[in-house]
Amino acid sequence: MDYDPITTELNLWNYLPRDWSSMCTVDHQADPDVNATITCDVKAGDEAQWRLVDLRSSLTSLVESTGLEVAVNLQCEDGGSVSLPFPWRSPGLVKLTVYNCRMLDKYGDFATPAQNLGDWLRVVDIRNSVWINNPAHMENVMNNIANFTSHYECGQDSTMVSYIYRNVSDESSLKQLALDEHENGAEKVLTFLLILDKINNHCNYEKLEVQDESHSPTTSRNHFEFMVKDATFPNLRLLNYSSIGMTEVPLELRESRQKFPGSKLGVIDLTHNKIHQVGNIPPYPSYGINTTLILQFNNITEINMAMFEAWASVSDFLIDIRNNPIDCNCEMSDLLRALQNDSRWVKPAMAQYRRHLSIMTCATPLELEGHVIGSLSVSDLPCFVAGVDLKPAMAALVVVVVILLVLLIVAVKYRKEVRILMYTRVHIVLPCGPPSHTSADAPEKAYDAFVSYAHEDSDWVLGSLLKRLEEPSNARGCGPVKLCIHQRDFVVGKPIIDNIIDSIAASRHTIIVLSKNFVKSRWAMEELQQAYRQSMEERRCHLVVVVLESVPQSDMAPVLRRCCKTFTYLESSDSLFWDRLLYSLQVDDISNSRDSKTGKGPRTASTTSDEYDDIADREGNKESKRNNCDLANGDVVSGEIKEDSALRKALFLENMRMSTVPWTALARQLATLEWLSPPVRLISRGLCLRPRP
């Protein structure tokens, strides 16, 4: 410190707000590291509010002239609140302690001159508190995202030594903005997250030694991925993330020597979580730093000799799993035998693990509860049977297992054929396989399927396909399907393209009769595009491709090649072709609307593609001959369809603009969209900007 505190020469109350006198005290001797300590007891009923901006305006000139350094201790009772804009910049403020407070104005300093003040804070200790966000401040962040600089995002990274942020929750206002229908809030939130993802601010916490974010109820599973992105911690010694409910050791902590390069990280505290296994620890060089991963009081139940030997192979890295509910089962026999062999515990790390085992106890089974593992022998385990030859029993067991395995392989290899024949021949839907959809799961449709084929293939379609699907005697008892050709069901005078679109939309499936003639027909390709669009909108297997004759891939349009790889693909020459077709049309979407007595149900609409030209010529409908169509804001252009992810993105944005999607469902969609990078999905889960230290 440049300033030597002399209490007789300086009275801070000459500078501090007068209305603080009822709740604050000043002590020049309480902390030898600072010139003065300001302690405030804040209650909900206080007439004055404690605000960081008031401290900033009070001390700025004094600090510039004297180099004064102060510590502020805020303790709240009965819901007391304080105004603490992140990242808590105030000249002279080097220590900040906040307990049990409602904190206001988190984003109050964003895009203001205050965010560019110098770094002063060395110690932050905030516990058992909650942020109450101001929607207007969050709106300001979204509207001025270009000002999201490293000076704001990184906080006071050049001076911070200890950062304790324990049991702090955050009420996000992103949800409020997203539900604002008049301002297109959901679309604004998505735009904000996409822009934020492109900002790459580097943070260098050059003096940070302790980071404690334990007991946090809102820590995301991707928190550590976001933490190490574009950040360095050269002097970090302790990470404490105990009691945050994690179920596995994050990759960033298992690979801490790579994710925190050059740091002095010695202790990683993950106690009192729900971790059940450690995972792989890569043998990265230690560079002379001894690291201890503390996993006490978790849910680790299984231990064995191979596990300890793998951990010991990582130099200068120790894993402490004491005080876990260890299951002393038969798999521990190798470990107990190894405990009797001193030569296997010579390495320093192995010797340490042996000392741990000498005090660790069993939690299960009940008869061994509380027994020290180091004192057990193999005969103590519940699976040990003395004097009995188990070889015959083991041999018989092996034979049985081999027979069951062969039967299982056969059943798995022909599982679909079994399901198909069980349905078409004996009318039983087996529970194995993909779940079927019923009419209760999907909206009611007028038709079972729309049949698209080339005019040259009419003989096969009308003579074989329609006959087998229409006539009850050929339906194998699965219920006939009445078919409808275009002359009977298309609306006279209605544009052909509209008839196509409406028929496909009114059908549960579209059957594509693929042949060389089909790929040459422009109307057939138009039907295919519309059917593909319907599949994407419904997110179900709408298309059924029937291969009438082999077509080279080089002759196929991109959308047709994609459909052949994505949707149900049936060969007309297959001996089980008609069974497979009935199964695809009826099991995947079993209709409960059929009359149980008459067997009547939805009809199947069909037409030939080349016959559309004759109708179009007669009606003079030029628009019917168009070769392109608009799909989800341009996803179909010149007969080609963009990638599925682009279509899902367009449909997702359209749902957001309609403001009909509940926020909880919207947040889940944001968190799983593959076209968003991990930091954006992280913020979508947290629904707030979680401050870095």
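Just so it is clear, the model here is predicted, and its values are computed rather than measured.

Turning our eyes to something else, we now look at the overall build of the protein. For the protein, the helix and strand inventory stands at 24 helices and 28 strands. Here the protein, with 693 residues, has 48% of them falling under the buried criterion. Once local pairs closer than 6 in sequence are excluded, the contacts in the protein between residues at least 24 apart make up 78%. For the protein, the accessible area works out to roughly 32900 Å², and carbon and sulfur atoms hold 52% of it.

In this structure, the second largest pocket spans a volume of roughly 410 Å³. Lining the second largest pocket are 20 residues, with Arg221, Met246, Thr247, Glu248 and Pro250 sitting closest to its centre. Elements supplying a minimum of two residues to the lining of the second largest pocket: helix 6 (223–228) and helix 7 (251–254). Looking at side-chain class alone, the lining of the second largest pocket contains 7 nonpolar, 8 polar and 5 charged residues.

Counted according to the given criterion, the structure contains 16 salt bridges. Across the pair Lys43 and Glu77 runs a salt bridge whose closest N-O atoms are separated by 4.0 Å. Of this pair, Lys43 sits in strand 2 (residues 36–43) while Glu77 sits in strand 4 (residues 70–77), placing them 34 residues apart in sequence. A salt bridge links Lys229 to Asp230, with the shortest nitrogen-to-oxygen separation between them at 3.0 Å. The exposure class assigned to Lys229 is partly exposed, which follows from its relative accessible area of 30%. For Asp230, a relative accessible area of 30% puts it in the partly exposed group. Linked by salt bridges that have partners in common, Asp31, Asp33 and Lys95 make up one network.

Before going further, it helps to spend a moment on the pairing of strand 4. With 8 bridges connecting them, strand 2 and strand 4 associate as parallel partners. Residue Cys40 lies in a different strand from strand 4, and its bridge partner there is Leu74. Pairing geometry for strand 4 and strand 6 (residues 93–99), over 6 bridges, is parallel. Paired with Ala71 across the bridge in strand 6 is Lys95.

On to the nonpolar core. Membership of the largest hydrophobic core comes to 102 residues, with the highest contact counts inside it found for Trp50, Leu84 and Trp88. What Trp88 contacts, discounting residues up to four positions off in sequence, is Leu52, Leu93, Leu96, Leu121, Val124, Ile126, Trp131, Gln156, Tyr163 and Tyr165. Ranked by size, the runner-up nonpolar core spans 25 residues in total, among them Ile496, Ala524, Val545 and Val547.

A few words on a nonpolar patch on the surface. A cluster of nonpolar side chains, namely Val398, Val402, Val406, Val410, Tyr414 and Val418, defines an oily patch on the protein surface of about 510 Å² accessible area. Per-element tally for the nonpolar patch: the top contributor is helix 12 (residues 391–413), with 4 residues. We classify Val410 as partly exposed; its relative accessible area is 47%.

What follows is about the side chain of Glu252. As for its placement among the helices and strands, Glu252 is situated in helix 7. Here Glu252 is buried and forms no salt bridge, its nearest opposite-charge partner Lys259 lying at an N-O distance of 5.4 Å. Those residues in contact with Glu252, other than ones at most four positions away along the chain, are Phe224, Glu225, Val228, Lys259 and Phe260.

Take Ser242: it is sitting in the loop between strand 13 (238–240) and helix 7. What Ser242 contacts, discounting residues up to four positions off in sequence, is Ser214, His215, Asp269, Leu270, Thr271 and Asn273.

Right, let's talk about the state of the cysteines for a bit. Applying the stated criterion across every chain yields a total of 4 disulfides. Residue pairing for Cys24: its cysteine sulfur links by disulfide to Cys40, the two sulfurs lying 2.0 Å apart. Handedness of the Cys24-Cys40 disulfide follows from its S-S torsion of about 110°: it is right-handed. One end of the pair, Cys24, is in strand 1 (residues 24–27); the other, Cys40, is in strand 2, and 16 residues separate them in sequence. Residue Cys24 is classed as buried on the basis of its relative accessible area of 4%. Here Cys76 connects covalently by a disulfide to Cys101, the sulfurs 1.8 Å from one another. Note on the Cys76 and Cys101 pair: the S-S dihedral is about 90°, so by sign convention the disulfide is right-handed. With a gap of 25 residues between them, Cys76 in strand 4 and Cys101 in the loop between strand 6 and strand 7 (102–104) connect regions that are remote in the sequence.

Before going further, it helps to spend a moment on the packing of helix 18 (residues 522–538) against helix 19 (residues 558–566). Any two packed helices are characterised by how steeply their axes cross, that is the angle between the axes, and by the distance between the axes. For the pair helix 18 and helix 19, the least separation of the axes is 10 Å and the interaxial angle reads 50°. Taken as axis vectors, helix 18 and helix 19 run oblique relative to one another. In the crossing of helix 18 with helix 19, the sense of the turn from one axis to the other is left-handed. In contact with Met525, Leu528 and Tyr532 of helix 18, helix 19 contributes Val559, Leu560, Arg562 and Cys563. For the contact of helix 18 with helix 19, the class distribution of residues is 6 nonpolar, no polar and 1 charged.

Another point: the environment of Glu225. Along the chain, Glu225 turns up in helix 6. Judged by relative accessible area, which is 30%, Glu225 ranks as partly exposed. Along the sequence, Glu225 and Glu252 sit 27 residues apart, while their C-alpha atoms lie 6.7 Å from each other.

To continue, consider the packing of aromatic side chains. A full pass over the atoms with the stated rule returns 12 aromatic pairs. Here the aromatic rings of Phe308 and Trp311 are separated by 5.6 Å at their centres, their planes lie at 85°, and the arrangement is edge-to-face. A residue pair is termed a helical-turn pair when its members lie 3 or 4 positions apart in one helix, as Phe308 and Trp311 do in helix 9 (residues 305–312) at 3 residues. Take Phe308 and Trp311: they sit in the same class, and that class is buried. Following the ring pairs from residue to residue traces out a cluster consisting of Tyr205, Phe233 and Phe260.

Looking at where Pro250 falls in the secondary structure, it is placed in the loop between strand 13 and helix 7. With 28 residues separating them in the primary sequence, Pro250 and Asn222 have C-alpha atoms 8.5 Å apart.

Right, let's get into unusual backbone geometry. Here the residue pair Phe86 and Pro87 is connected by a cis peptide bond, since its omega of 5° sits within 30 degrees of zero. Along the chain, Thr364 connects to Pro365 via a cis peptide bond; the corresponding omega equals -5°. Even without being a glycine, Ser243 presents a positive backbone phi close to 55°. Looking at the secondary structure, you find Ser243 in the loop between strand 13 and helix 7. Judged by its relative accessible area of 24%, Ser243 falls in the partly exposed class. In this model, His272 sits at a positive phi of 55°, which is unusual for a non-glycine residue.

Conventions adopted
- Residues numbered from 1 in each chain as written.
- Predicted model: local features only at pLDDT ≥ 70, side-chain atom pairs only at ≥ 80, totals over all residues.
- Heavy atoms only, no water.
- Helix = DSSP H or I, 4+ residues; strand = E, 2+ residues; numbered from the N terminus.
- Buried < 20%, exposed > 50% of the residue type's maximum accessible area, 1.4 Å probe, protein only.
- Contact = heavy atoms within 4.5 Å.
- Areas by Shrake-Rupley, 256 points an atom, 1.4 Å probe, with all protein chains shown as cover.
- 1 Å grid on protein atoms, 1.4 Å probe; cavity = no way out; pocket = protein on both sides within 12 Å on 5 of 7 lines; lining within 4 Å.
- Points joined across faces, edges and corners; volume = space filled by probe spheres on them.
- Nonpolar A, V, L, I, M, F, W, Y, C, P; charged D, E, K, R; others polar.
- Salt bridge = Lys/Arg side-chain N within 4 Å of Asp/Glu carboxyl O.
- Pairing = 2+ DSSP bridges.
- Core = buried A, V, L, I, M, F, W, Y, C linked by side-chain atoms within 4.5 Å.
- Patch = residues over 30% accessible without salt bridge, like charges linked within 9 Å, V, L, I, M, F, W, Y side chains within 5 Å.
- Lys, Arg positive; Asp, Glu negative; His and termini not counted.
- Disulfide = S-S within 2.5 Å.
- Axes fitted to C-alpha atoms, helices over the stretch in contact; angles between N-to-C directions.
- Parallel < 35°, antiparallel > 145°, perpendicular 65-115°, else oblique.
- Left-handed = near helix turned anticlockwise from the far one by under 90°.
- Phe/Tyr/Trp six-rings, centres within 6.5 Å; stacked < 30°, edge-to-face > 60°.

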